[in-house]
Amino acid sequence: MTTVLSQVRALIERLAPEPICDDCITQRLGLSVRQHANHKTRELAGMNGFERQIGPCALCGSQKKVIRAKGR
Ligand SMILES: [Zn+2]
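Residues numbered from 1 in each chain as written. Predicted model: local features only at pLDDT ≥ 70, side-chain atom pairs only at ≥ 80, totals over all residues.

Visitor: Give a description of the environment of G30 that names residues and reports values.
Guide: Position of G30 among the secondary structure elements: in the loop between α2 (22-29) and α3 (37-45). A tally of 8 C-beta atoms within 10 Å means that G30 is categorised as exposed. (Helix = DSSP H or I, 4+ residues; strand = E, 2+ residues; numbered from the N terminus. Buried ≥ 20, exposed ≤ 12 C-beta atoms within 10 Å, placed from the backbone.)

Listed below in C-alpha coordinates is the structure:
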(Lines give C-alpha, C1' and ligand atoms only; values in the text may rest on other atoms or scores of the structure.)
Protein backbone atom coordinates (compact mmCIF):
# COMPACT_ATOMS: atom_id res chain seq x y z
CA MET A 1 0.00 0.00 0.00
CA THR A 2 1.30 3.42 -0.90
CA THR A 3 0.58 5.95 1.77
CA VAL A 4 0.60 9.68 1.23
CA LEU A 5 3.49 9.91 3.63
CA SER A 6 5.62 7.53 1.59
CA GLN A 7 4.76 9.40 -1.62
CA VAL A 8 5.81 12.67 -0.04
CA ARG A 9 8.95 11.06 1.25
CA ALA A 10 9.83 9.60 -2.16
CA LEU A 11 9.34 12.97 -3.84
CA ILE A 12 11.61 14.74 -1.36
CA GLU A 13 14.25 12.05 -1.72
CA ARG A 14 14.10 12.28 -5.50
CA LEU A 15 14.78 16.02 -5.32
CA ALA A 16 17.52 15.77 -2.70
CA PRO A 17 19.59 17.76 -1.96
CA GLU A 18 17.23 20.39 -3.37
CA PRO A 19 14.52 21.60 -0.99
CA ILE A 20 10.81 21.68 -1.85
CA CYS A 21 7.95 23.63 -0.28
CA ASP A 22 4.67 22.22 0.97
CA ASP A 23 2.67 23.84 -1.81
CA CYS A 24 4.78 22.21 -4.52
CA ILE A 25 4.52 18.85 -2.79
CA THR A 26 0.75 19.23 -2.63
CA GLN A 27 0.60 20.19 -6.29
CA ARG A 28 3.05 17.57 -7.55
CA LEU A 29 1.28 14.72 -5.81
CA GLY A 30 -2.21 16.08 -6.38
CA LEU A 31 -3.00 15.96 -2.69
CA SER A 32 -6.36 17.07 -1.38
CA VAL A 33 -6.67 19.73 1.28
CA ARG A 34 -7.35 17.06 3.84
CA GLN A 35 -4.09 15.30 2.96
CA HIS A 36 -2.24 18.59 2.90
CA ALA A 37 1.50 18.18 2.66
CA ASN A 38 2.06 20.35 5.70
CA HIS A 39 1.17 17.55 8.08
CA LYS A 40 3.40 15.12 6.23
CA THR A 41 6.44 17.36 6.09
CA ARG A 42 6.11 18.09 9.80
CA GLU A 43 5.97 14.38 10.41
CA LEU A 44 9.05 13.80 8.24
CA ALA A 45 10.91 16.70 9.82
CA GLY A 46 10.79 14.81 13.08
CA MET A 47 12.55 11.86 11.49
CA ASN A 48 16.20 11.31 10.83
CA GLY A 49 17.42 12.40 7.45
CA PHE A 50 15.04 15.31 6.86
CA GLU A 51 15.26 18.96 7.75
CA ARG A 52 12.81 21.80 7.51
CA GLN A 53 14.00 25.34 7.02
CA ILE A 54 13.09 28.69 5.49
CA GLY A 55 14.61 29.02 2.05
CA PRO A 56 14.01 29.13 -1.67
CA CYS A 57 12.03 26.20 -3.04
CA ALA A 58 13.82 24.43 -5.90
CA LEU A 59 10.61 24.18 -7.92
CA CYS A 60 8.73 27.47 -7.50
CA GLY A 61 11.58 29.64 -6.24
CA SER A 62 9.53 31.11 -3.39
CA GLN A 63 11.15 31.93 -0.10
CA LYS A 64 9.15 29.84 2.34
CA LYS A 65 9.21 26.80 4.57
CA VAL A 66 10.87 23.99 2.67
CA ILE A 67 11.98 20.47 3.47
CA ARG A 68 14.86 18.49 2.10
CA ALA A 69 16.52 15.16 2.60
CA LYS A 70 19.94 15.53 4.14
CA GLY A 71 22.91 14.19 2.24
CA ARG A 72 23.43 10.47 2.45
ZN1 LIG B 1 7.62 25.44 -4.12
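Visitor: How would you sum up the nonpolar core? Please name residues and give values.
Guide: In this structure, V8, I12, I20, C21, C24, I25, A37, L44, C57, V66, I67 and A69 together form the largest nonpolar core, which totals 12 residues. Going through the elements one at a time, α1 (4-15), β1 (20-21), α2, α3 and β3 (63-69) are the ones with two or more residues in this core. Non-local contacts of L44, meaning those with residues more than four positions away in its chain, are made with V8, R9, I12, F50 and I67. (Core = buried A, V, L, I, M, F, W, Y, C linked by C-beta atoms within 7 Å. Contact = placed C-beta atoms within 7 Å.)

Visitor: Just give me the short version of the environment of C21, but keep the residues and values in it.
Guide: As for its position among the elements, C21 is in strand β1. Linking C21 and A58, residues 37 residues apart in sequence, is a C-alpha distance of 8.2 Å. Apart from the residues lying within four places of it in its own chain, the contact partners of C21 are C57, C60, S62, K64, K65 and V66.

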